[in-house]
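A look at the structure
Below are the chains, spelled out letter by letter.
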Amino acid sequence: MSQTASVTLSVTGMSCASCVGRVQRALAAEPGVSGAEVNLATETARVTGAVPAMRLAQVLAEAGYPARDAVIDLSVTEMSCASCVGRVERALRAVPGVTDASVNLATETAQVRYIDGAVTPADLTRAATDAGYPARVAGGTGGDATTDRASRKDAEARDLTRRLSIAAALTLPVFVTEMGGHLFPPLHRLVADSIGMQTAWVIQFVLTTLVLVWPGRSFYARGVPALLRGAPDMNSLVALGTVAAWGYSTVATFAPGLLPAQGRAVYFEAAAVIVVLILLGRTLEARAKGRTGAAIARLVGLRPTTAHVDRDGRVVDLDVAQIVVGDMVHARPGERLAVDGEVTSGASWVDESMITGEPAPVEKRAGTPVTGGTVNGTGALVYRATHVGADTVLSRIVRMVEDAQSARLPIQALVDRVTLWFVPAVMALAALTVGVWLVWGPQPVLAHALVAGVSVLIVACPCAMGLATPTSIMVGTGRAADLGVLFRRGDALQALQGVAVAALDKTGTLTEGRPALTDVVTTEGFDADEVLALVAAAESASEHPVASAIRRAATAKGLEVATATAFQSITGLGISARVGDRRVLVGADRLMRREGVDMTGAPRADDLAARGRSPLYVSIDGQLAGLLGVADPVKAGSPAAVRALQDMGLRVAMITGDSAATAQAIAATLGIDDVAAEVMPDGKVAALGRLRADHGPVAFVGDGINDAPALAAADVGLAIGTGTDVAIETADVVLMSGDLRAVVDALAVSRATLRNIRQNLFWAFGYNAALIPVAAGVLYPLNGTLLSPALAAGAMALSSVFVLSNALRLRRLRSAATALPHATPAQAAVTREVHP
């Protein structure tokens, strides 16, 4: 809004008429504003004047009522290199009201953040289109845009393959006629003696012209307008190089008198072969780009298209998009569940491995939640839809992966600054090369100058630079999703590989999060199974978590549990009950002494406490029968995960609100380096600060609501996906399974992806640094080497294919869940539910 105009902004934070007055006064006081109308009901401000929308947003923020931001994804076509990316970003950021724009060459998308109300989607698509890159609003969330992009890349690959076939067929006679004579002199004589070289050149002219105007026309349709706008891109380089070779050869063929005798030569084969090789590179590139989005395609493929829904007393088949919250959905055996919901009737086992990574099916019965995309087993279920459309777990996963794949890492900033001016610099360098050859080059001067100039234009294509980072991000985050690791923020992918400390919550992260019976130690004359069965019966009326652990242990051993009577809960001490004709006491040693139980020769509870167990004594008919150990057992994958993190060079710490004795016992068993125990949620943040000050950047892994502050305060927060929504929404990375080995996967993907990006950037920059001087002819004075334009085109295509192929190697990353062992025998005591 640089000229007098009216703009409507969405304003946040207004709650009363006083707020309206403050917003109106703040806007009206800004120089250049001629009128301001604020509406509390619609939460908008309509401003008239000659003040930029960005300045108005700043005024609102200073007044304490910030303008609402909006984010939109655009699908942008006809981008071919990093220079294109820079130009689209500049065009979008130049739109008044846009606060940021991030363009991804690999996904061919742009994510634009703007002031809601100040800009319309039409303004944004028009800005990109006017810059020479047609744009439209991307498809809806949940994978539609990705599916659309995949089909578009398939169509593009088919079109490129067709054009490549035509170009190759037309180029082959040109190449054989011209280059064959150099490789096999008798062929040159045969052509000269049969049709004559002039006729051969005319044929080459016709075939090469067909190559340029038919399969190669896109280079000129895009490159020439970009050149005329003063914003040359890779297509401009190709257009200039091929037209120069074709034009020089045409003059040599039809007007040879305009050239010195020693300079009469044709380079039709160079122009034609350049088009063929670049089309080949783009064909391979399009196919590779299609494979980079395979992870999202697989996730989207988990969604069924139809479902059996109860409507008006009848079960009908509906499109999944028509399901609304509250609908009763029927899942037949073997079918994928359509949406998230809660089982109302039926029982079955559901395979949730595609969501959680856990291979074992999960039992589902009335009252238990189910997740859309998972596979029903042999039973039939009826469930009430609780989350549909973009709110389902699967849609949220797809959205997280899409956001991460479209992210711009900090490492990309350097690439952007370089590539923005790269193409103009190459054109200037090519012009300088031609000038140097014309002044100091040997005969034929013009021919040598043409070859060197065209070679510089072709070999210096910045495609590889533009693809180096986004393709690695796409493949890396896609592979991470396959492994159950979701990067909610793209920059977390870069930050994670630099952490020095992995700080772990205990309950629910290192441990199962619920107590389990770990030890049954009996006194003389009592059998362990008998004692466990009697205690389980006595605890049957208790809702305490410890009671549930004892009952689960008895069920797991197949023991018959009788019904207890005369149950009594003794506060702070334990319980008392009758099982048949036997009186059972379970509790602390204080309860035993109060009831007069002889404790002579009782098993020592100190040994259990030292291993992090809570000891419970058992008395049967007034006699001490044994000692039970109850603990929150360590997850099966935790020991191996801790060792793997240490092997990767990280210091492993545990931060917990549990008692120091329990924390130290678990830490000693797992070999954890640092322990902070008995801390409150805000104390976890302080503990992270100490670890960061002592050792460097910290990653925190947690699962509960009380972990949310620490997840937000860490350099990288990783949430166990089986935890609370609050923890997941606060974290930078979500681990879909409860297995701590997923942390190792996340770190491995982060390191491998950043290593892959560095390799790609080294290749892209190193390739140009090495070959541009060679193409310019720096080796000619030494050994007579002058790079052919056709070879330059091949090298350019190879650079992009190398970058894409290198990025696709990330698809082969192995999961730590399969590579790492479970608990060692020495740690089995911590993880076993029961052992006498």
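Refer to the structure presented above.
Read on for a plain summary of the structure. (Residues numbered from 1 in each chain as written. Predicted model: local features only at pLDDT ≥ 70, side-chain atom pairs only at ≥ 80, totals over all residues. Heavy atoms only, no water.)

Tracing the backbone shows Val451 in helix α16 (residues 445-459). Val451 sits in the buried class, given a relative accessible area of 9%. Each C-alpha atom, one on Val451 and one on Gly777, is 9.2 Å from the other, the two residues being 326 residues apart in sequence. If sequence neighbours within four positions are ignored, Val451 has contacts with Tyr267, Leu786, Leu787 and Pro789. (Helix = DSSP H or I, 4+ residues; strand = E, 2+ residues; numbered from the N terminus. Buried < 20%, exposed > 50% of the residue type's maximum accessible area, 1.4 Å probe, protein only. Contact = heavy atoms within 4.5 Å.)

As a further point, take the sheet that holds strand β10 (residues 328-331). Ordered in space as β9-β8-β10-β16-β11-β14, the 6 strands form an open sheet in which the pairing is antiparallel. Across the chains shown, the open sheet's two edge strands, defined by having one partner strand only, are β9 (314-319) and β14 (369-370). Examined bridge by bridge, β10 and strand β16 (residues 381-387) share 4 bridges and lie antiparallel to one another. Across the sheet, residue His330 finds its bridge partner in β16, namely Val382. (Pairing = 2+ DSSP bridges.)

So, about the sheet that holds strand β21 (residues 574-579). Strands sit in the order β19-β24-β23-β22-β21-β20 across an open sheet of 6 strands; the sheet is antiparallel. Strand pairing shows two members of the sheet lacking a second neighbour, β19 (516-522) and β20 (564-570), which therefore form its edges. Between one strand and the next, the sheet's axes are offset by a mean angle of 20°, whatever the strand orientation. Relative to strand β24 (residues 623-631), β19 is paired through 6 bridges, and the arrangement is antiparallel. When the bridges of β24 are listed, Val521 appears paired with Leu627. Its contacts with the sheet place helix α21 (residues 545-556) against β19, β23 (614-620) and β24, and it is angled at close to 70° to β19. (Axes fitted to C-alpha atoms, helices over the stretch in contact; angles between N-to-C directions.)

Once that is clear, we can look at unusual backbone geometry. Note that the residue after Gln443, namely Pro444, is joined by a cis bond; omega there is -5°. Position of Pro444 relative to the elements: it lies in the loop between α15 (422-440) and α16. Not every positive phi belongs to a glycine, and Glu78 is a case in point at roughly 70°. The residue Glu78 is located in the loop between β4 (69-76) and α3 (82-93) in this model. Judged by relative accessible area, Glu78 falls into the partly exposed class, the value being 29%.

Next up on the list: the pattern of salt bridges. The final tally for this structure, using the stated rule, is 22 salt bridges. Residue Arg93 pairs with Asp100 through a salt bridge whose shortest N-O separation is 3.5 Å. Arg93 gets classed as partly exposed once you look at its relative accessible area, which sits at 41%. Its relative accessible area of 37% is what places Asp100 among the partly exposed residues. Here Lys557 ties to Asp529 by a salt bridge, and the two come within 3.1 Å at their closest N and O atoms. Note that Lys557 is positioned in the loop between α21 and β20 and Asp529 in helix α20 (residues 528-538), a separation of 28 residues in sequence. A relative accessible area of 31% means that Asp529 is categorised as partly exposed. Shared partners join several salt bridges into a network, and the residues in it are Glu30, Arg55 and Glu62. (Salt bridge = Lys/Arg side-chain N within 4 Å of Asp/Glu carboxyl O.)

A few words now on the packing of helix α9 (residues 234-254) against α16. Helix packing for two helices is described by the angle between their axes and how far apart those axes are. Their axes nearest at 8 Å, the elements α9 and α16 cross at an angle of 160°. Put simply, α9 runs roughly antiparallel to α16. Crossing handedness for the pair α9 and α16: left-handed. Touching Leu237, Val238, Leu240, Gly241, Ala244, Ala245 and Tyr248 of α9 are Leu446, Ala447, Leu450, Val454, Leu457 and Ile458, all from α16. In terms of residue class, the contact of α9 with α16 is built from 12 nonpolar, 1 polar and no charged. (Parallel < 35°, antiparallel > 145°, perpendicular 65-115°, else oblique. Left-handed = near helix turned anticlockwise from the far one by under 90°. Nonpolar A, V, L, I, M, F, W, Y, C, P; charged D, E, K, R; others polar.)

Okay, the environment of Ser249 next. With respect to the secondary-structure elements, Ser249 resides in helix α9. Taking the C-alpha atoms as reference, Ser249 lies 9.8 Å from Ala447; in sequence the two are 198 residues apart. Setting aside residues up to four positions removed in sequence, Ser249 forms contacts with Ala265, Val266, Tyr267 and Phe268. A polar contact is formed between the side chain of Ser249 and the backbone nitrogen of Phe268, at a distance of 3.4 Å. (Polar contact = N/O pair within 3.5 Å; in protein donor to acceptor, adjacent residues only side chain to side chain.)

Another point: the pairing of β10. Residues in a regular strand project their side chains so that they alternate between the two faces of the sheet. Only one face of β10 is buried, namely the one carrying Val329 and Ala331, since none of Met328 and His330 on the opposite face is buried. Across 3 bridges, the pairing between strand β8 (residues 306-311) and β10 is antiparallel. For His308, the partnering residue across the bridge sits in β10 and is His330.

Here we take up the nonpolar core. Membership of the largest hydrophobic core comes to 155 residues, with the highest contact counts inside it found for Leu27, Leu92, Leu124 and Leu735. Top contributing element to this core by residue count: helix α29 (residues 741-776), with 14 residues. Ignoring any residue separated from it by four or fewer positions in sequence, one finds Leu27 in contact with Val33, Ala36, Val38, Ala45, Val47, Leu56, Val59 and Leu60. In terms of nonpolar packing, the next biggest core, distinct from the first, is built from 29 residues, Val535, Ala538, Ile550 and Leu559 among them. (Core = buried A, V, L, I, M, F, W, Y, C linked by side-chain atoms within 4.5 Å.)

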